[in-house]
Amino acid sequence: MTYAADGQRRRGRPPRISRDHIVDAACEVGIENLTMAAVAERLGVTHQSLYGWVQDRDELIDLVSDRLIARIEIQPPADPASWRVSLRSYANSVRRLAEETPGFAAAGLRRFRTLDNSEKLNHDVLLLLTDVGFEPPMAQRVYDSLNSVLLGWLAREQSLIAIRQRLSAGPSGSRGLITDFAEAELRAPADERFEFLIHSFLAGLPDPSPTPVAPAVGIVVDIRDDLVEQAIGVE
């Protein structure tokens, strides 16, 4: 089977489905529960028929993720000094998306996203950072590091839901000092822990290099007379 660049089939019988239909159904199933069989069942087709449009489950997760990424908001800073506020707003937007879509964060850690909306988001954040003075390589490093921190924290939060539910169902235990502190942290409000994470990360980032002052053009200052007078002691 061969594929067109936009995911359209080149040959075969007239389709009952399309790539967009498959992604729609996959979004309804959700990343966390996504299987080719579940998507096929929702569409009323065999799961083998899906492979005429997508290579495998991983590609389908990428397509779903890319559609969701279009919802992430980028707020340009009101002034160059408030670029950290813009990154905080971005972090909050990613968090909302991950909490609404279980499995999104964990999938982002496993896959390097290169589809259209992912690349546009990368470009928009780099533009924000370079506009306030970051060199492009450092801007990319800031963006990649922030995403690693965000997605790692969000994936771990998702994995600990069952443990927190068990803790909330009973009183806190007393099983040693370290365990008690760990349990207290598990019980701490998510907003409080997320704020600590983002504040710590943003505070540790370097400030962008100041824009170098361009040398004055067309102005010549002759200091030779002053230097001669100083050398012979003339007041």
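Residues numbered from 1 in each chain as written. Predicted model: local features only at pLDDT ≥ 70, side-chain atom pairs only at ≥ 80, totals over all residues. Heavy atoms only, no water.

When its secondary structure is counted, the protein shows 12 helices and 0 strands. Counted from the first residue to the last, the protein has its helices and strands arranged as α-α-α-α-α-α-α-α-α-α-α-α. Out of the 235 residues belonging to the protein, those deemed buried represent 34%. Of the contacts formed within the protein by residues at least 6 apart in sequence, a portion of 66% connects residues at least 24 apart. (Helix = DSSP H or I, 4+ residues; strand = E, 2+ residues; numbered from the N terminus. Buried < 20%, exposed > 50% of the residue type's maximum accessible area, 1.4 Å probe, protein only. Contact = heavy atoms within 4.5 Å.)

As a further point, take helix 8 (residues 136-159). Between the first and last C-alpha of helix 8 there are 34 Å, a value that for 24 residues agrees with the 34 Å anticipated at 1.5 Å per step. Residues of helix 8 that are buried include every one of A139, V142, Y143, L146, N147, L150, L151, W153, L154, A155 and E157, and no others. For helix 8, the elements touching its buried residues are helix 5 (83-100), helix 6 (104-110), helix 7 (116-131), helix 9 (161-168) and helix 11 (190-203). (Expected span 1.5 Å × (residues − 1).)

Next up on the list: the nonpolar core. Considering soluble globular proteins, one finds that nonpolar side chains tend to be buried as a cluster. In terms of nonpolar packing, the biggest core is built from 53 residues, with V39, L60, L87, Y90 and L129 touching the most fellow members. Leave out the neighbours within four places in its chain, and L60 touches I22, V23, A26, L34, M36, V39 and V54. (Core = buried A, V, L, I, M, F, W, Y, C linked by side-chain atoms within 4.5 Å.)

In this section: the environment of E59. In this fold, E59 is placed in helix 4 (residues 57-69). Taking the relative accessible area as the measure of exposure, E59 reaches 18% and is therefore buried. Placed 52 residues apart in sequence, E59 and R111 show a C-alpha to C-alpha distance of 9.7 Å.

Relative orientation of the contacting elements helix 5 and helix 11 amounts to 140°, with a least axis distance of 11 Å. Relative to helix 11, helix 5 is oriented oblique. Seen from above, helix 5 lies across helix 11 with right-handed handedness. Here helix 5 contributes R84, L87, R88, A91, N92 and R95 to the contact with helix 11, which in turn contributes A190, D191, F194, E195, I198, H199, L202 and A203. When grouped by side-chain class, the residues that make up the contact of helix 5 with helix 11 number 7 nonpolar, 2 polar and 5 charged. (Axes fitted to C-alpha atoms, helices over the stretch in contact; angles between N-to-C directions. Parallel < 35°, antiparallel > 145°, perpendicular 65-115°, else oblique. Left-handed = near helix turned anticlockwise from the far one by under 90°. Nonpolar A, V, L, I, M, F, W, Y, C, P; charged D, E, K, R; others polar.)

In this section: the layout of surface pockets. Considered as a void within the structure, the largest pocket measures approximately 480 Å³ in volume. Lining the largest pocket are 21 residues, and of these R113, Y143, D144, N147 and L151 lie nearest its centre. Going through the elements one at a time, helix 5, helix 6, helix 7 and helix 8 are the ones with two or more residues in the lining of the largest pocket. Of all the elements, helix 8 adds the most residues to the lining of the largest pocket, at 6 residues. Taken together, the residues that form the lining of the largest pocket break down as 10 nonpolar, 7 polar and 4 charged. (1 Å grid on protein atoms, 1.4 Å probe; cavity = no way out; pocket = protein on both sides within 12 Å on 5 of 7 lines; lining within 4 Å. Points joined across faces, edges and corners; volume = space filled by probe spheres on them.)

Turning next to the pattern of salt bridges. Tallied over the entire structure, the rule returns 13 salt bridges. Put simply, D58 and R111 hold a salt bridge, and the shortest N to O gap is 3.8 Å. Of the two residues, D58 is situated in helix 4 and R111 in the loop between helix 6 and helix 7; the sequence distance between them amounts to 53 residues. Residue E183 pairs with R187 through a salt bridge whose shortest N-O separation is 3.2 Å. Of this pair, E183 and R187 both sit in helix 10 (residues 177-187), 4 residues apart, roughly one helical turn. Owing to a relative accessible area of 37%, R187 belongs among the partly exposed residues under this scheme. Among the charged side chains, a network of salt bridges with common partners joins D58, D62 and R111. (Salt bridge = Lys/Arg side-chain N within 4 Å of Asp/Glu carboxyl O.)

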